[in-house]
Amino acid sequence: MAEAIRIAAIQLRAKVGDVADNLSHAESLARQAFRDGAQWVILPEFFTSPAAFSPAMLSAWLPLEGPALEMLRKLSRKHDSVIGGSFLAKSGDDCFNSFLLVFPDGRYYRHDKDLPTMWENSYYIGGSDDGVLRTPAGPVGAALCWELIRSRTARRLLGKVDLVVGGSCWWDVPLPVAPEQVDDQARLRGMLRQAPGELARRLGVPVVHAAQAGEFIGLIPGVEGRTYDSRFLGEAQIVDGHGNVLARLADEDGEGIVTAEIAPGRVQGDLAPIPDDFWTVEIPSKTLERWDAFNDLGRTYYATTFRPLLHADSRPR
């Protein structure tokens, strides 16, 4: 992948559970990015439905080789370009958060997010691949949301990829913000804003990060009588191999497309170290408590509620 490419990252305001509308909307934005000259287009994590703990999520999955892949293939073929994004995808007996990178000949390359985040455990299980997509254009890394801030993500991609693509569906604390959570909110937003650049500095390659933005209402696992009113935090970014931001949309910018020219491949100079810890950043203690609690609740919900419905569903596989 020696030549520079013009690449777009999309920031999407999708609706929880409304798969048909989200697919149509994502397709429209991707078409616009291609018309504007992008050779590659990256859609955010869960572009078919952002992840909240909600009854609407029970039917928000699609077969891996179904409507979402068909849409990606159609766009890739029409524009003779590359497109990727992740969605809740059934493969075999389970659902995964599958990122697919699709090429004009119809071939696709897949990464399943390794660990679901908090209530995401309610709707899919983790994958075990290394995140290296061995494509006709060269080796491409894939990383989704909190994979960006885990040391093992950087270790498994280091020295093996020419660029990293992916996205997030990173949510805020409950809104309005309680006084005791003001500092945690600021740190979480800072973590997200810095994550693509930090990963780029550890790997020495460009990182392209698409994102979800906009408000949502879900429930709180374990206390379903209370709603979780919040927003997705955006931060669609394209950064070079030194971690410099070439293009960015903050959450307050809303929906849109950022485009930049990148030079795939390892940059010259020293790399930032990869921490020995599980996380590459310091995560607020309250967030870690919710991580543990929501992970456990989610895995139980997946086994007792979501997976049985998944197997009972009669839609085409």
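Structure first, text after, so check above.
The rules behind the values
- Along each chain, the written sequence defines residue order, and numbers are assigned to residues from 1.
- Reporting in this predicted model follows two pLDDT cut-offs: at least 70 for local features of residues, and 80 or more for side-chain atom pairs to be given and counted; totals over whole chains, interfaces and linings ignore these cut-offs and use all residues.
- Excluded from the side-chain calculations are hydrogens and water; all other atoms, namely the structure's heavy atoms, are used.
- Throughout this description, the term nonpolar core refers to a set of buried Ala, Val, Leu, Ile, Met, Phe, Trp, Tyr and Cys residues connected via side-chain atoms within 4.5 Å.
- Only protein chains enter the accessibility calculation, which uses a 1.4 Å probe. A residue is then buried if its area is under 20% of the maximum for its type, exposed if over 50%, and partly exposed in between.
- Any pair of residues with heavy atoms lying within 4.5 Å of one another is described as a contacting pair.
- The helix and strand labels rest on DSSP assignments: H or I over at least four residues marks a helix, E over at least two residues marks a strand, and numbering proceeds from the N terminus.
- Polar contacts here mean pairs of N or O atoms no more than 3.5 Å apart (in protein, one a potential hydrogen donor and the other a potential acceptor; neighbouring residues in sequence count only if both atoms are side-chain atoms).
- We call Phe, Tyr and Trp rings a pair once their centres come within 6.5 Å, taking the six-membered ring for Trp, and we label the pair stacked below 30 degrees between planes, edge-to-face above 60, and tilted otherwise.
- In our convention, an over-ring charge means Lys NZ or Arg CZ found within 6 Å of a ring centre and within 35 degrees of that ring's normal.
- Method remark: on a 1 Å grid restricted to protein atoms, a set of points is classed as a cavity if a 1.4 Å probe fits but cannot get out and as a pocket if it is open with protein on both sides within 12 Å along at least five of seven lines; lining residues have an atom within 4 Å of a point.
- Grid points are joined across faces, edges and corners, and a volume is the space filled by probe spheres set on the points.
- We define a salt bridge as a side-chain nitrogen of Lys or Arg found within 4 Å of a carboxyl oxygen belonging to Asp or Glu.
- Strand pairing is assigned whenever DSSP detects at least two bridges linking the two strands.
- As a working rule, the residues Ala, Val, Leu, Ile, Met, Phe, Trp, Tyr, Cys and Pro are called nonpolar, Asp, Glu, Lys and Arg charged, and the rest polar, with Gly in that last group.

## Brief notes about the nonpolar core
No. 1: The biggest cluster of nonpolar side chains holds 77 residues, and the ones touching the most others in it are Val-41, Phe-47, Ile-83, Leu-88, Trp-146, Val-164 and Phe-306.
No. 2: When near neighbours in sequence (up to four residues on either side) are disregarded, Trp-146 contacts Lys-113, Thr-117, Met-118, Trp-170, Trp-279, Ile-283, Thr-287 and Trp-291.

## Quick word on the environment of Ser-49
No. 1: Take Ser-49: it is sitting in the loop between β2 (40–42) and β3 (62–63).
No. 2: Between the C-alpha atom of Ser-49 and that of Gln-185, which follows or precedes it by 136 residues, the distance is 24 Å.
No. 3: Among all residues touching Ser-49, those that are not within four sequence positions of it are Lys-15, Val-16, Gly-17, Val-19, Asn-22, Met-57 and Ala-60.
No. 4: Engagement of the side chain of Ser-49 in a polar contact is seen with the backbone nitrogen of Gly-17, the distance being 2.7 Å.

## Examining the packing of aromatic side chains
No. 1: Within this structure, the stated rule accounts for 20 aromatic pairs.
No. 2: Considering the side-chain rings of Phe-103 and Tyr-109, the 5.6 Å spacing of their centres and the 85 degrees angle between planes classify their relative orientation as edge-to-face.
No. 3: Given a relative accessible area of 7%, Phe-103 falls into the buried group.
No. 4: Judged by centre distance (5.0 Å) and plane angle (85 degrees), the rings of Phe-278 and Trp-279 are edge-to-face.
No. 5: Assessed through its relative accessible area of 13%, Trp-279 is described here as buried.
No. 6: An aromatic cluster of three or more residues is present, and its members are Trp-119, Trp-171, Phe-216, Tyr-228, Phe-232 and Phe-294.
No. 7: Between the NZ or CZ atom of Arg-110 and the centre of the ring of Phe-96, over which it lies, the distance is 5.5 Å.

## Description of empty space enclosed by the protein
Any space left empty among the atoms is revealed by the rolling of a water-sized probe across them.
No. 1: Under the criterion given, the structure shown has 1 cavity of 30 Å³ or more.
No. 2: Computed from the structure, the largest cavity encloses a volume of approximately 140 Å³.
No. 3: Along the wall of the largest cavity there are 14 residues; nearest its centre are Met-118, Trp-146, Trp-171, Asp-172 and Leu-188.
No. 4: It is helix α5 (residues 285–312) that contributes the most residues to the lining of the largest cavity, 3 residues altogether.

## Re the pattern of salt bridges
Opposite charge on two side chains allows them to pair when their charged atoms are near.
No. 1: Summed over the entire model, instances satisfying the criterion amount to 22 salt bridges.
No. 2: Across the pair Asp-94 and Arg-307 runs a salt bridge whose closest N-O atoms are separated by 2.7 Å. Here Asp-94, found in strand β5 (residues 94–102), pairs with Arg-307, found in helix α5; they are 213 residues apart in sequence, far enough to count as distant.
No. 3: Note that Glu-198 is salt-bridged to Arg-202, the shortest N-O span being 3.9 Å. Here Glu-198 pairs with Arg-202, and both are found in helix α4 (residues 182–203), just 4 residues apart, close to one helical turn.
No. 4: Taking relative accessible area as the criterion, Arg-202 reaches 9% and is therefore assigned buried.
No. 5: Through salt bridges that share partners, Asp-114, Glu-147, Arg-150, Arg-152 and Arg-156 make up one connected network.

## Some remarks on the pairing of strand β6 (residues 108–112)
No. 1: As defined by bridge partners, β5 adjoins β6 across 5 bridges and the pair is classed as antiparallel. By the bridge assignment for β6, Val-102 is matched with Tyr-108.
No. 2: Linkage of β5 to β6, two consecutive antiparallel strands, is achieved through a turn of 5 residues, within which Gly-106 is found at a positive phi near 95 degrees.

## Remarks on the layout of surface pockets
No. 1: There is about 330 Å³ of room inside the largest pocket.
No. 2: In this structure, the largest pocket is lined by 16 residues; those nearest its centre are Pro-174, Gln-181, Ile-220, Arg-226 and Arg-290.
No. 3: Put simply, the parts of the chain that give the lining of the largest pocket at least two residues each are β11 (223–239) and α5.
No. 4: Considering every element that reaches the lining of the largest pocket, the biggest residue donor is β11, with 5 residues.
No. 5: Class assignment of the residues belonging to the lining of the largest pocket gives a composition of 7 nonpolar, 2 polar and 7 charged.

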